[in-house]
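Each chain is listed here by its residues.
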Amino acid sequence: MKYIKYIIFCILLFLLMIDVNASETVRGYINATCNIRTGPGTQYKNIGIAYLGDNYILVEDKTYQDTNNHYNCNSDWYQAYYNGIDVGYICGDHVDVVRSYSTDDVAPSNTCEQEMSDAGFPSSYWGGLCTLKESHPNWQFVALKIDYDWSYIIDKESSCGINLIYGSSENAGFIDSTCSAYDSGYVGITKQGVAYYMDPRNFLSDRYVFQFLTLNYDNNVASTYTNAVTSIIGNSSFYKYHLNNGTNLVELINENAIALNVSPIFIASRILQELGSSDTLYSLYSGKYTADANTKYGKIFIDLTGSATAYQGYYNFYNFGVSDQCVQSYGTAYCGLNYAYRLGWNSVSAAIKGGLTQIANNYIAAGQHTSYLQKFNVYQSNSSSIATHQYMASIVGPIGESKIAYNTYSELGALDSAFTFHIPVYNNMDATISNSPGGAVDDGNANPPSSLPISTIVTSSGYKYGSGYISGINIGTDVSDIKSTIESVGGPGTVVIYDSAGSVINSGVVATGYKVTINNTSSVETLQVVIKGDTSGDGVVNALDLAQVQKNILGTYSLNGAYKEAGDTSGDGVINALDLAQVQKNILETYSIVQ
């Protein structure tokens, strides 16, 4: 059983704020792009952006008084969850309130609700779907019946490594540090996080519903396809590279889309999602196997022909073969071009058609006919196929493709086309939509966080707490030791540690500037690590630290924040000759700095 990070405190806080048996969940639909702030007024800090068409679960059905005399906001403010777990304030000018039932035993009360009920959607879907239907009468919604319990699906999709999330501080509440970290900054995700991203009811808004759009060629919007594909990939490095070399990728994509009955917008979105708009994956789209790909990982790779240059002239626009395991051992270029070599993709045309043929035959024709289903393979009669054969590991992949599709249709003025969306409905989804902001499931964690104040948790663990810092940590202490020590007091899964770059880490020597996030049952705090004497943030005390302390005293270099705290080894509030002497003696091993 995986432990929950931070999300538990959000769950408990939320349960305190609302009646868990309430018959409605209140959502705020965004009618104009605006800022999310830390308080009810424009003078508060921006912490995110709410885009036109987004929807957010409101903490409660009331507004908070504007504390800035309605400067740039004519209404009061709603408190809402964003990123599924965090709380912020949104100006009421930009929020349309929609009530959606949180249980699935409610009778329809209007024509739209009756229509959605007849289509097979339970009542917890009606609020979002009817809001979309009001704005887009031509849109059709098909209930895709998944004949498995919601909790069973979440259990299958929560196995370590099946779904990953980027290991940034914004995602702290969804990070599962018990699952081994993966390449490129992606890490394991908690069961609550999986439930949040898999729950279709969280994404019934203009911007995100396109992950449920059927991926077949649609004659209703065929006239928009050329402009749409150009809009999607026109500014990318791979498009410009091939156009300069006489090949128009837009034409190739459209030709193959018609032949294979696949939406050109989906193809363009998938290629852009996989290659990105920059030239980072130049080797995959240029047909040129660069020397860096051979030497970066300390090996020269000899392919089937015995030549290290045989991959010249091969292309891979879809990242096929570029698995985390392969990349960790051999590098992205080798993995992608080795795959292309084995499939014979030795021209741009062959690579575009070959990759698309695999997607059309192996995914779309096999029941994975939306971006959502290609990420979450749940529409299968054979239970052993559930959570396998999934195109991407990143759990936010469908959201990214959905935004690209929405933006493209919006720019083309085609949002009122007759789109058909296939939206999954699971068995036994009548739990409250989001009384736990991270999703509808409970992982049964029998060891909840401590109710002790975080300051007490820190000091009871043998460390020092104060002014946003955690100190009293011996030089050379491993990250895992700090985590286990604090969690022995605060409870399992209550600590996440980040390095100075903001990446989650589970091992290695801790250093000044690292961050330790700790939660109890009602709050969460992030404390910066201070290792006395380690002003450079490398985890040791050496000549570099001595030079930095000396320059700080002379005024030619400034130590700030945690690094300034680290330079004050004597603890008298200033950095002076005494601190310089202590650092020097520590290096000479004639004195040990007191942490």
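Within each chain, residue numbers correspond to sequence positions counted from 1 in written order. Per-residue local features are limited, in this predicted model, to residues with pLDDT of at least 70; the limit for side-chain atom pairs, both in listing and counting, is 80 or more; totals at the level of whole chains, interfaces and linings are taken over all residues. As a convention, hydrogens and water are excluded, and side-chain values are obtained from all of the structure's heavy atoms.

Colleague: Give a description of the overall build of the protein chain that names residues and reports values.
Modeller: Helix and strand definitions here come from DSSP, where helices need a minimum of 4 consecutive H or I residues and strands a minimum of 2 consecutive E residues; each element is numbered from the N-terminal end. Within the protein chain, the secondary structure is distributed over 21 helices and 17 strands. Partly exposed residues are those whose accessible area sits between 20% and 50% of the maximum for their type, while under 20% is buried and over 50% is exposed, using a 1.4 Å probe and protein chains only. When the 595 residues of the protein chain are sorted by exposure, 54% land in the buried category. Carbon and sulfur atoms provide 47% of the accessible area of the protein chain, an area that totals close to 24,100 Å². Note that accessible areas follow from Shrake-Rupley with a 1.4 Å probe, and for residues the cover is restricted to the protein chains shown.

Colleague: Tell me about the packing of aromatic side chains, and name the residues and values.
Modeller: Geometry of aromatic contacts follows a simple scheme: Phe, Tyr and Trp rings, the Trp one being its six-membered ring, pair when their centres are within 6.5 Å, and the pair is stacked under 30 degrees between planes, edge-to-face over 60, tilted otherwise. Throughout the structure, instances matching the rule amount to 36 aromatic pairs. Ring geometry for Phe203 against Tyr208: centres 6.1 Å apart, planes inclined by 85°, an arrangement best described as edge-to-face. A connected cluster of aromatic rings, assembled from ring pairs, spans Trp139, Phe141, Phe210, Tyr406, Tyr409, Phe419 and Phe421.

Colleague: How would you sum up the state of the cysteines? Please name residues and give values.
Modeller: Cysteine sulfur atoms that come within 2.5 Å of each other are treated as a disulfide pair. In total, this model carries two disulfides according to the counting rule given. Between Cys112 and Cys130 runs a disulfide, and the two sulfur atoms are separated by 2.2 Å. The chirality of the disulfide connecting Cys112 with Cys130 is left-handed, given an S-S dihedral of about -105°. Here the residue Cys112 occupies a position in helix 2 (residues 111-119), and Cys130 occupies one in helix 3 (residues 126-135), the gap between them amounting to 18 residues. For Cys130, a relative accessible area of 15% gives the class buried. Cys34 carries a free sulfur, and the closest cysteine sulfur to it, the one in Cys91, is 7.0 Å from it. For Cys34, a relative accessible area of 9% gives the class buried.

Colleague: How would you summarise the sheet that holds strand 12 (residues 464-466) if you had to cite specific residues and measurements?
Modeller: Within the open sheet, the six strands sit side by side as 12-13-17-16-14-15. Their pairing is mixed. Sheet topology places strand 12 and strand 15 (504-505) at the edges, where each strand pairs with a single neighbour. At least two bridges found by DSSP between two strands are what make those strands a pair. Strand direction decides the pairing type here: strand 12 and strand 13 (residues 469-471), joined by three bridges, are antiparallel. Considered in strand 13, the bridge of Tyr465 is made with Ile470.

Colleague: Break down the packing of helix 9 (residues 264-275) against helix 16 (residues 397-411) for me, citing the residues and quoting the values.
Modeller: At their nearest, the axes of helix 9 and helix 16 sit 10 Å apart, and the two run at 130° to each other. Considering their axes alone, helix 9 and helix 16 lie oblique with respect to each other. Handedness of the helix 9/helix 16 crossing: right-handed. Here Ile265, Phe266, Ser269, Arg270, Leu272 and Gln273 of helix 9 lie close against helix 16, whose contacting residues are Gly397, Gly400, Glu401, Ile404, Ala405, Thr408 and Tyr409. Put simply, Ala, Val, Leu, Ile, Met, Phe, Trp, Tyr, Cys and Pro go in the nonpolar bin, Asp, Glu, Lys and Arg in the charged bin, and everything else, Gly too, in the polar bin. Tallied by class, the residues present in the contact of helix 9 with helix 16 amount to six nonpolar, five polar and two charged. Orientation is described by lines fitted to C-alpha atoms, with helices fitted over the stretch in contact, and by angles between N-to-C directions that extend from 0 to 180 degrees. Here the word oblique covers every angle except those under 35 degrees (roughly parallel), over 145 (roughly antiparallel) and from 65 to 115 (roughly perpendicular). Helix crossings are classified by the rotation of the near helix relative to the far one: an anticlockwise turn of less than a right angle makes the crossing left-handed, while a clockwise turn makes it right-handed. Any two residues whose heavy atoms approach within 4.5 Å at even a single point are treated as in contact.

Colleague: Break down the nonpolar core for me, with residues and values.
Modeller: Ranked by internal contacts, the top residues of the largest apolar core, which has 113 residues, are Phe210 and Phe317. With near-sequence residues (within four places) excluded, Phe210 lies in contact with Trp139, Ser402, Ala405, Tyr406, Tyr409, Leu415, Phe419 and Phe421. Ile454, Tyr463, Val529 and Ile531 belong to the second-largest nonpolar core, a separate cluster that totals 20 residues. We call a set of buried residues a nonpolar core when its members are Ala, Val, Leu, Ile, Met, Phe, Trp, Tyr or Cys and they connect through side-chain atoms within 4.5 Å of each other.

Colleague: Explain unusual backbone geometry to me, and be specific about the residues and the numbers.
Modeller: The residue Asn261 is not glycine, and still its phi comes out positive at about 60°. Position of Asn261 relative to the elements: it lies in the loop between helix 8 (249-260) and helix 9. One non-glycine residue, Asn428, lies in positive phi territory at about 55°. Here Asn428 falls in the exposed class, since its relative accessible area comes to 52%.

Colleague: Before we move on, can you summarise the packing of helix 19 (residues 543-554) against helix 21 (residues 577-587) with the specific residues and values?
Modeller: Viewed as axis vectors pointing N to C, helix 19 and helix 21 meet at an angle of 170°, and their least axial separation amounts to 10 Å. In this view, helix 19 runs roughly antiparallel relative to helix 21, as classed from their interaxial angle. The segment helix 19 lies against helix 21, with Ala543, Asp545, Leu546, Val549, Gln550 and Ile553 engaging Ala577, Leu580, Val583, Gln584 and Ile587. Class assignment of the residues belonging to the contact of helix 19 with helix 21 gives a composition of eight nonpolar, two polar and one charged.

Colleague: Can you tell me about the environment of Phe421, naming the residues and giving the values?
Modeller: The topology assignment puts Phe421 in strand 11 (residues 420-427). When its relative accessible area of 0% is taken as the criterion, Phe421 is described as buried. Beyond its immediate stretch of four places on either side in the chain, Phe421 contacts Trp139, Gln140, Phe141, Val142, Val209, Phe210, Phe212 and Leu213.

Colleague: Could you give me a rundown of the pattern of salt bridges, with the residues and numbers involved?
Modeller: Whenever a carboxyl oxygen of Asp or Glu lies within 4 Å of a side-chain nitrogen of Lys or Arg, that contact is scored as a salt bridge. Following the criterion strictly, the structure yields five salt bridges and no others. With a shortest N-O distance of 2.7 Å, Asp155 and Lys191 are connected by a salt bridge. Taken together, the positions of Asp155 in helix 4 (residues 150-157) and Lys191 in helix 5 (residues 191-198) put the pair 36 residues apart, joining distant regions of the chain. By relative accessible area, which is 42% here, Asp155 ends up partly exposed.

Colleague: An account of helix 4 is needed here, citing residue identities and associated values.
Modeller: What helix 4 keeps buried is the set Trp150, Ile153, Ile154 and Glu157. All buried residues of helix 4 lie within an arc of 100° about the axis, which places them on one face of the element. Where helix 4 is buried, its residues touch strand 8 (140-149), helix 5 and strand 11. Of all possible arcs, the one meant is that of the directions from the helix axis to the C-beta atoms.

Colleague: Which residues make up the side chain of Asn256, and what values go with them?
Modeller: On the secondary structure map, Asn256 appears in helix 8. Apart from residues lying up to four places away in sequence, Asn256 is in contact with Ile352, Lys353 and Leu356.

Colleague: For helix 19, give the residues involved together with the corresponding values.
Modeller: Multiplying 1.5 Å by the residue count of a helix minus one yields the expected span of that helix. The terminal C-alpha atoms of helix 19 lie 16 Å apart, and with twelve residues this matches the ideal 16 Å at 1.5 Å per residue to within 8%. Throughout this description, a polar contact denotes any pair of N or O atoms lying within 3.5 Å of each other; where both atoms belong to protein, one of them has to be capable of donating a hydrogen while the other can accept it, and for residues adjacent in sequence the pair is counted only when both atoms sit in side chains. One side-chain oxygen at the N-terminal end of helix 19 lies 3.1 Å from the backbone nitrogen of Leu544; it belongs to Asn542. Just past helix 19, the residue Gly555 takes up positive phi, approximately 85°.

Colleague: Can you break down the confidence of the model for the protein chain residue by residue, with the values?
Modeller: A score from 0 to 100, pLDDT tells how confident the predictor is in each residue. With 86% of its residues at a pLDDT of 70 or more, the protein chain shows a mean pLDDT of 83. Of all helices and strands in the protein chain, the one with the weakest mean pLDDT is helix 1 (residues 7-17) (32), whereas helix 7 (residues 237-244) scores best (96). Predicted confidence for residues 291-308 stays below pLDDT 50, and this span has 30 contacts to residues more than four positions away or in other chains.

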